[in-house]
Amino acid sequence: MQAPRDVFPPLPSSRLNLLLQRWWGRQSPSRQDRLATLAPLTSVLLFLAAITFAFWYLRNEEVSRAEESLRRDTEVAQQEIRLHLVDNQEQLLRIAREVATRAITPEQFVTQAAGFLQARPAVRYLNWLNAKGELRATQSLQSGAGLEDATAIEHGTAVVDGDGPASVPQASEAALEAARAMRQPTYSRPFRNVDGVWVFQLQVPIIDRGAFAGVLVAEYGLDTLLRTAVPAEVTVRHPVSILDVDFSPLVSTVTNLPGQRSAPPSMTLDLPLTPAANGLMLRGQGYRTTAGLVGNTLFWMVVALSALTVWTLLATWRHMRRRAQIQNALINETNFRRAMENSMLTGMRATDMDGRVTYVNPAFCAMTGYSESDLLDTLPPFPYWPSDRVDEHMRIFQQELQGRSPAGGIEVKVQRKDGSNFDARLYVSPLIDPRGQQTGWMTSMTNITEAKRIRDQLSASHERFTTVLEGLDAAVSVLSVQQGELLFANRSYRLWFGADARGHDLLANGDAAYTEVPEDDVDAMSGLPTQELTEVGTHPREVYVESLQMWFDVRTRYLQWTDGRLAQMLIATDITARRRVEEQAQQQAERAQVTSRLVTMGEMASSVAHELNQPLTAITNYCNGIVSRVRNNAINTEELVAALQKTARQAERAGQVIHRIRAFVKKSEPQRQAAKAQDIVEDAVELAGIELRRRKVAIHTYVAQRLPLLRVDPILIEQVLMNLLKNAAEAIDTAQMPAERRHIELQVVPRQSPDEGSVIEFSVTDAGPGMREEVITRLFEAFFSTKAEGLGIGLSLCRSIIESHHGRMRAENLYNGSTVIGCRFAFTLPVDQTPPADRLPAPAVPKDVSASNPNAAAS
Ligand code: ADP
């Protein structure tokens, strides 16, 4: 293929073309543009210059031709006149010789002269003058010949005035003199003759044997000479005139009308009138023809056309420059769009109206793994359609072509060239050309595999979350704090409170049965950053909803909602069942407490009976004594009053015991109040004292002074103390402890513990037998008793009472080495938080409270 090109060198023209093309290719585009504009401009200017030159050349040519013609004509005229004059002169010389040699007569001369004049109209007359200048004969064409005429002529010439014509004789005489002197034919200066016609004379001397014998005078009319000598074809072309020595025109072939001035000739040529040598000049005149005007019009038309062409070229150039700018902008725009398309991660595919692929961008190729050439000009089914989904793709594609694709895009599976699949989303939009006509469809494709996976995960987790929330027995609701709008409510919430925010409000702000949230907690949050708000703890509240007759455990929490708003989340758990159980347990506990007190009193019945027996016996004795002494009149009034007062005191004492027992066993609602430990201890010791005295057990009581008040139910605490004292006394009595160990110590002291804070501790210490190990571990179990008739509910009840007062209870043996020397039961009660009357602990003062009746007191 290459060989022929190498073998045959390119033709010179094609080589030049090649060089030109190379050179052109080397030029920058802007330079190419400039050259493309300048070249025609230059050629137009060159053309204009050539035309101008051609016109100038033609004009010059024409002028020189005209000059040439003028010269030729003028020379012809000069030649003709010269021939004329020379011929005449020779004729006259011949006549002069004949006059001299043959001595002809004037008459003969006239005949000859007539013959001479006949053929020469330019010669007005011919005179023969003798040596003295006298006229011998004359002959003229107009007046004929005659000697007598000579005088008239002589006379005639003499009358001419001296101004101009005054030179007539002088010019004539000067010629005569010259002819005489030089013996040569002589031409005179021109002058106007008597007719007013410009003439000049030729004087030919007559030499007779060497002597001057006269002269022949021939007068030429200048006008006639011009007309007869110069050929008509010359005068037709160029006016010819004869000038004087001072260049003033004397005669011309053209005669102007009177008062009309002839146009100045554009060119003249002056030649001497030979052989006259009298200073006369022959002038040929030339006039430019109308060709100049025609040439001018053409020239200006060419100039105008060239100017138009130049203007058009400049306009074209400007237009081209504008076009080039637009083209540049377009190229930039195209490059930008191309770069954008290439860097884009979205695949783009264009199809024509029949579904043929007309364009794919690099991202589309990268996504599918097919090259551009694989995809261009293909018709469906496309190679990237998964083989098992061709039908589905075809259906979607038909939708696309009919323009029914959903605006939100279509999700499809796409198969890469390597066989792997990915999820894609397609968006279809019509391709509109600049004329507004649709030429096809543009489809964009995005890989959504990852997005889909995340979305699936999200929706799954959302589903799980919803399922959990919806399945919860608790009501969950979220309320926006500012707008009070219910943002979320789960199934339980909707079931109980409907779909509005009232339920939330009710639970969050309604009457709480037991609330620990200070009301100003929410207010205190104003101004806090939301991050901190969400940290605000969840305070549980128990709320009773009247309309539902249900109890809820309500926990609220502030959080930032998904849109950034501050919201309150509320979780309300149904605790109605628990509350019922608790209430029942409470009621049962109360019943148990009362029962326990009744049991205690039942157990103390014999002691109480014994206790009551004493005042009753005393009353009986007093009454019997009074009766017998009244019967015997052995009593005066004072003694009687004193005896009755003693009787009343005993009755009062019995009444007090009964009142106290009644107060203790009375079934009353548990109620807390500010109570003094001292009062409680006194009441308990007074009641327990009945039993202690019967069992011959001593008690020592120590209550620290200035104790803070307690917020307790005094009867219940009294019950606890009674129980502990009774157990201690029973243990001592049952173990038949010797007298030195038959005592109990009751102490009430303030105490500060790290986990309970400031509390008051009650302790009952006995010197009894103590407890076995297994007893200690089961001590607080209900119905645990080591006694044959014991119920075993005392201690368990005591502990629940103490714990319901937020106190603690414990029991321990007391040892001396390894020997048990008794046991100690202690419980604590928290101090009343309401401002106490006096809280400073006073120096402890031991107080020995023995039985009120010293008679019954055991020692
Ligand atoms: P009950 O008195 O009806 O047996 P309690 O619950 O009051 O029931 O007492 C349970 C048991 O604890 C008693 O049976 C007894 O064995 C033991 N106990 C209680 N107090 C003492 C004490 N001070 N010394 C020794 N054992 C005691």
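Residues numbered from 1 in each chain as written. Predicted model: local features only at pLDDT ≥ 70, side-chain atom pairs only at ≥ 80, totals over all residues. Heavy atoms only, no water.

Asker: Mind showing me how you'd approach the overall build of the protein chain here?
Answerer: For the protein chain, the helix and strand inventory stands at 24 helices and 29 strands. Burial status across the protein chain gives 38% buried among its 859 residues. Considering only residue pairs separated by 6 or more positions, the protein chain has 60% of its internal contacts joining residues 24 or more positions apart. Split by element, the accessible area of the protein chain, about 49100 Å² in all, is 55% carbon and sulfur. (Helix = DSSP H or I, 4+ residues; strand = E, 2+ residues; numbered from the N terminus. Buried < 20%, exposed > 50% of the residue type's maximum accessible area, 1.4 Å probe, protein only. Contact = heavy atoms within 4.5 Å. Areas by Shrake-Rupley, 256 points an atom, 1.4 Å probe, with all protein chains shown as cover.)

Asker: So what exactly am I meant to see when it comes to the site of the ligand here?
Answerer: Close to the ligand lie 19 residues; Asn727, Asp766, Ser785, Thr786 and Lys787 are nearest. In the environment of the ligand, an oxygen atom lies 2.6 Å from a nitrogen or oxygen atom belonging to the side chain of Lys787. Within the backbone of Leu795, a nitrogen or oxygen atom sits 3.1 Å from an oxygen atom of the ligand. A total of 530 Å² of accessible area belongs to the ligand in isolation, and the protein chains cover 93% of it. Elements with a contribution of two residues or more to the shell around the ligand: helix H22 (714–734), helix H24 (794–804) and strand S29 (819–830). Considering every element that reaches the shell around the ligand, the biggest residue donor is H22, with four residues. Tallied by class, residues from the shell around the ligand come to nine nonpolar, eight polar and two charged. (Near = heavy atom within 4 Å. Polar contact = N/O pair within 3.5 Å; in protein donor to acceptor, adjacent residues only side chain to side chain. Nonpolar A, V, L, I, M, F, W, Y, C, P; charged D, E, K, R; others polar.)

Asker: Would you explain the confidence of the model for the protein chain in this entry?
Answerer: Low-pLDDT portions of the prediction should not be read for the details of their coordinates. Chain-level pLDDT for the protein chain is 83 on average; 88% of the residues reach the 70-or-more range. When the elements of the protein chain are averaged for pLDDT, helix H5 (residues 148–159) gives the smallest value, 37, and strand S24 (residues 698–703) the largest, 95. Predicted confidence is poor over residues 511–532, with pLDDT under 50, and the contacts of this stretch with residues over four places away or in other chains come to 24 contacts. Under a pLDDT of 50 for its full length, residues 836–859 has, in the predicted model, 44 contacts with residues more than four places off or in other chains. (pLDDT = per-residue confidence, 0-100.)

Asker: Whenever I open this one, the nonpolar core confuses me. Can you help?
Answerer: Soluble globular proteins: nonpolar side chains tend toward being buried together. Ranked by internal contacts, the top residues of the largest apolar core, which has 62 residues, are Met601, Leu721, Ile744, Phe762, Met809 and Phe827. With 10 residues, H22 is the single largest residue contributor to this core. Look past the residues within four positions of Ile744 in its chain and what remains in contact with it is Leu692, Val697, Ala698, Ile699, His700, Leu725, Ala728, Ala729, Ile732, Val764, Thr765 and Asp766. Core analysis: the next-biggest nonpolar cluster, separate from the first, contains 41 residues, Leu92, Ala122, Leu126 and Leu226 among them. (Core = buried A, V, L, I, M, F, W, Y, C linked by side-chain atoms within 4.5 Å.)

Asker: Quick question: what am I supposed to make of the sheet that holds S29 here?
Answerer: Remark on secondary structure: sheet strands pair via backbone hydrogen bonds, oriented parallel or antiparallel. Read from one edge to the other, the open sheet built from five strands follows the order S24-S26-S27-S29-S28, with strand pairing classed as mixed. Bordering the open sheet on either side are S24 and strand S28 (809–816), each of which pairs with just one other strand. Averaged over all adjacent pairs, the angle separating strand axes in this sheet is 25°, with direction ignored. Bridge analysis of strand S27 (residues 757–766) against S29 gives eight bridges, and the strand direction is antiparallel. Bridging from a neighbouring strand, Val764 pairs with Phe825 of S29. The sheet strands contacting helix H21 (residues 677–694) are S24, strand S26 (743–753) and S27, and the helix crosses S24 at an angle near 180°. Across the sheet, H22 lies against S24, S26, S27, S28 and S29, angled at about 30° from S27, the strand it touches most. (Pairing = 2+ DSSP bridges. Axes fitted to C-alpha atoms, helices over the stretch in contact; angles between N-to-C directions.)

Asker: Which parts of the structure should I look at to understand the packing of aromatic side chains?
Answerer: Pairs of aromatic rings are described using the distance from one ring centre to the other and the angle between the two planes. This structure, assessed with the given rule, holds 16 aromatic pairs. Here the aromatic rings of Phe382 and Tyr384 are separated by 5.6 Å at their centres, their planes lie at 15°, and the arrangement is stacked. Its relative accessible area of 3% is what places Phe382 among the buried residues. Geometrically, the ring pair formed by Tyr493 and Phe497 is tilted, given 5.2 Å between the ring centres and 45° between the ring planes. A residue pair is termed a helical-turn pair when its members lie 3 or 4 positions apart in one helix, as Tyr493 and Phe497 do in helix H14 (residues 491–497) at four residues. Grouping aromatic residues by their ring pairs yields a cluster made of Phe364, Phe382, Tyr384, Trp385 and Phe397. Between the NZ or CZ atom of Arg321 and the centre of the ring of Trp317, over which it lies, the distance is 5.0 Å. (Phe/Tyr/Trp six-rings, centres within 6.5 Å; stacked < 30°, edge-to-face > 60°. Lys NZ or Arg CZ within 6 Å of the ring centre and 35° of its normal.)

Asker: Just to check I follow, could you spell out the UniProt feature "transmembrane region" (unreviewed entry) in the protein chain for this structure?
Answerer: UniProt annotation of "transmembrane region" (unreviewed entry) refers to residues 35–58 and 298–317 when read in the numbering used here. Along residues 298–317 one finds 100% helix and 0% strand; the C-alpha atoms at either end are 28 Å apart. (UniProt positions renumbered as here; feature names shortened; annotations may be inferred.)

Asker: Would you take a moment to explain the sheet that holds strand S8 (residues 240–243) for this structure?
Answerer: Taken in spatial order, the four strands make up an open sheet running S9-S8-S11-S10, and their pairing is antiparallel. In the strand order of this sheet, the two ends are held by strand S9 (249–252) and strand S10 (267–272), each with one partner. Recorded for the sheet is a direction-independent mean angle of 25° between the axes of neighbouring strands. Of the strand pairs in this sheet, S8 and S9 are connected by three bridges, and their pairing is antiparallel. Considered in S9, the bridge of Leu243 is made with Pro249. Where helix H3 (residues 29–102) meets the sheet, it contacts S8, S10 and strand S11 (281–286), and its direction lies at approximately 30° from that of S10.

Asker: I tried to follow a nonpolar patch on the surface on my own but got confused; where do I start?
Answerer: A surface patch of nonpolar side chains, about 400 Å² in accessible area, is lined by Leu16, Leu20, Trp23 and Trp24. Mapped onto the secondary structure, Leu16 falls in helix H2 (residues 12–26). On the basis of relative accessible area, Leu16 is assigned to the exposed category, the value being 53%. (Patch = residues over 30% accessible without salt bridge, like charges linked within 9 Å, V, L, I, M, F, W, Y side chains within 5 Å. Salt bridge = Lys/Arg side-chain N within 4 Å of Asp/Glu carboxyl O.)

Asker: Looking at this model, I keep getting lost on the pattern of salt bridges. Mind explaining?
Answerer: Side chains that differ in sign of charge can pair as their charged atoms come close. Counting across every chain of the model gives 49 salt bridges. Glu75 is the partner of Arg71 in a salt bridge, and the nearest nitrogen-oxygen pair spans 3.9 Å. Here the residue Arg71 and the residue Glu75 both occupy positions in helix H3, the gap between them amounting to four residues, near one helical turn. For Glu691, the salt bridge goes to Arg694, with nearest N and O atoms at 3.6 Å. Of this pair, Glu691 and Arg694 both sit in helix H21, three residues apart, roughly one helical turn. Exposure remark for Arg694: the relative accessible area of 33% places this residue in the partly exposed category. Each of Glu691, Arg694, Arg695, Lys726, Glu730, Asp733, Arg742 and Lys787 takes part in one network of salt bridges that share partners.

Asker: I'm lost on the pairing of S11 in this one. Help?
Answerer: Successive residues of a regular strand alternate their side chains across the two faces of the sheet. Buried residues dominate S11, accounting for six of its six residues. Neither face of S11 is open: one carries Met281, Arg283 and Gln285, the other Leu282, Gly284 and Gly286, and all of them are buried. Two strands pair when backbone bridges link them, and S10 and S11 are joined in this way by six bridges, in the antiparallel orientation. The partner of Leu271 across the bridge, within S11, is Leu282.

Asker: For this particular structure, what's the right way to read the pairing of S8?
Answerer: Of the two faces of S8, both are covered, the one formed by Val240 and Ile242 as well as the one formed by Ser241 and Leu243. Linking S8 to S9, which pair antiparallel, is a turn of five residues; within it Phe247 sits at a positive phi near 65°.

Asker: Where do I start with the packing of helix H18 (residues 576–603) against H22 in this structure?
Answerer: Interaxial distance between H18 and H22 falls to 11 Å at its minimum, and their mutual angle equals 40°. With respect to H22, the axis of H18 lies oblique. With respect to the hand of their crossing, H18 and H22 are arranged in left-handed fashion. In contact with Gln593, Ser596, Arg597, Thr600, Met601 and Glu603 of H18, H22 contributes Ile715, Leu716, Gln719, Met722, Asn723, Lys726 and Glu730. Taken together, the residues of the contact of H18 with H22 sort by class into four nonpolar, five polar and four charged. (Parallel < 35°, antiparallel > 145°, perpendicular 65-115°, else oblique. Left-handed = near helix turned anticlockwise from the far one by under 90°.)

Asker: Explanation requested: helix H4 (residues 106–118) in the structure shown.
Answerer: Along an α-helix, a turn takes 3.6 residues, which lines up residues three or four apart on a common side. The first and last C-alpha atoms of H4 sit 18 Å apart over 13 residues, in line with the 18 Å expected at 1.5 Å per residue. Here H4 has its buried residues at Pro106, Phe109, Val110, Ala113, Phe116 and Leu117. Taken end-on, H4 shows its buried residues confined to a sector of 120°, consistent with a single buried face. Along H4, exposed side chains directed more than 90 degrees from the buried face belong to Thr111 and Gln118. (Expected span 1.5 Å × (residues − 1). Arc of directions from axis to C-beta.)

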